[in-house]
Amino acid sequence: MSSFEQALPTHATQAQQRVLERIAVQRERLRARRAARMQSQALAEVSAGDDADAPLLARTIAFTRQHPAAVAALAGVAIAAGPRRLIRWAGVVLPLVMRLRR
């Protein structure tokens, strides 16, 4: 047994015990909060990818997470095409997308 361990009291006082109990309660609350947040995020990822009525941004994020290589390739094509062509194509594609959303 080291000298440090010998210096520690074997029994906590009432005040120390209350502090230790509050710490334990707080740790449990933080664990439950973390688990709930992780479960909520996992559920949101699953539902956003499958739900056709989900907002466009949620579906886009879900698609990006599921297909990172395709999104990177599309970004590369967009960069290679240049801003002028992108604006021209957006003028063609945007009305079609808006018509499909109805």
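Structure first, text after, so check above.
This section reports on the structure supplied with the text.

What counts, and where the lines are drawn
Residues numbered from 1 in each chain as written. Predicted model: local features only at pLDDT ≥ 70, side-chain atom pairs only at ≥ 80, totals over all residues. Heavy atoms only, no water. Helix = DSSP H or I, 4+ residues; strand = E, 2+ residues; numbered from the N terminus. Areas by Shrake-Rupley, 256 points an atom, 1.4 Å probe, with all protein chains shown as cover. Expected span 1.5 Å × (residues − 1). Bend = angle between axes of the 7 residues up to and from the residue. Patch = residues over 30% accessible without salt bridge, like charges linked within 9 Å, V, L, I, M, F, W, Y side chains within 5 Å. Salt bridge = Lys/Arg side-chain N within 4 Å of Asp/Glu carboxyl O. Lys, Arg positive; Asp, Glu negative; His and termini not counted. Charge placed at Lys NZ, Arg CZ, Asp CG, Glu CD. Buried < 20%, exposed > 50% of the residue type's maximum accessible area, 1.4 Å probe, protein only.

### Let's talk about the overall build of the protein chain
Link 1 in the chain: Within the protein chain, the secondary structure is distributed over five helices and zero strands.
Link 2 in the chain: Counting from the amino terminus, the protein chain carries its helices and strands in the arrangement α-α-α-α-α.
Link 3 in the chain: As displayed, the protein chain offers around 9400 Å² of accessible surface, 63% of which is attributable to carbon and sulfur atoms.

### A look at helix α5 (residues 83–101)
Link 1 in the chain: The first and last C-alpha atoms of α5 sit 25 Å apart over 19 residues, in line with the 27 Å expected at 1.5 Å per residue.
Link 2 in the chain: Along α5, the sharpest kink reaches roughly 30°, centred on Gly91 and followed within four residues by the proline Pro95.

### What about a nonpolar patch on the surface?
Link 1 in the chain: Judged by side-chain polarity, Trp89, Val92, Val93, Leu96 and Val97 come together as a nonpolar surface patch covering roughly 470 Å² of accessible area.
Link 2 in the chain: Checked against the element boundaries, Val92 lands in helix α5.

### Notes on the pattern of salt bridges
Link 1 in the chain: A full pass over the atoms with the stated rule returns one salt bridge.
Link 2 in the chain: Two residues, Glu28 and Arg31, come together in a salt bridge whose shortest N-O distance is 3.5 Å. Placement of both Glu28 and Arg31 in helix α2 (residues 14–50) is noted, with a separation of three residues, approximately one turn of the helix.

### Here we look at a positive patch on the surface
Link 1 in the chain: Together, Arg29, Arg33, Arg34 and Arg37 line one region of the surface with positive charge.
Link 2 in the chain: Considering the arrangement of structural elements, one finds Arg33 in helix α2.
Link 3 in the chain: Using a relative accessible area of 57% as the deciding quantity, one classes Arg33 as exposed.

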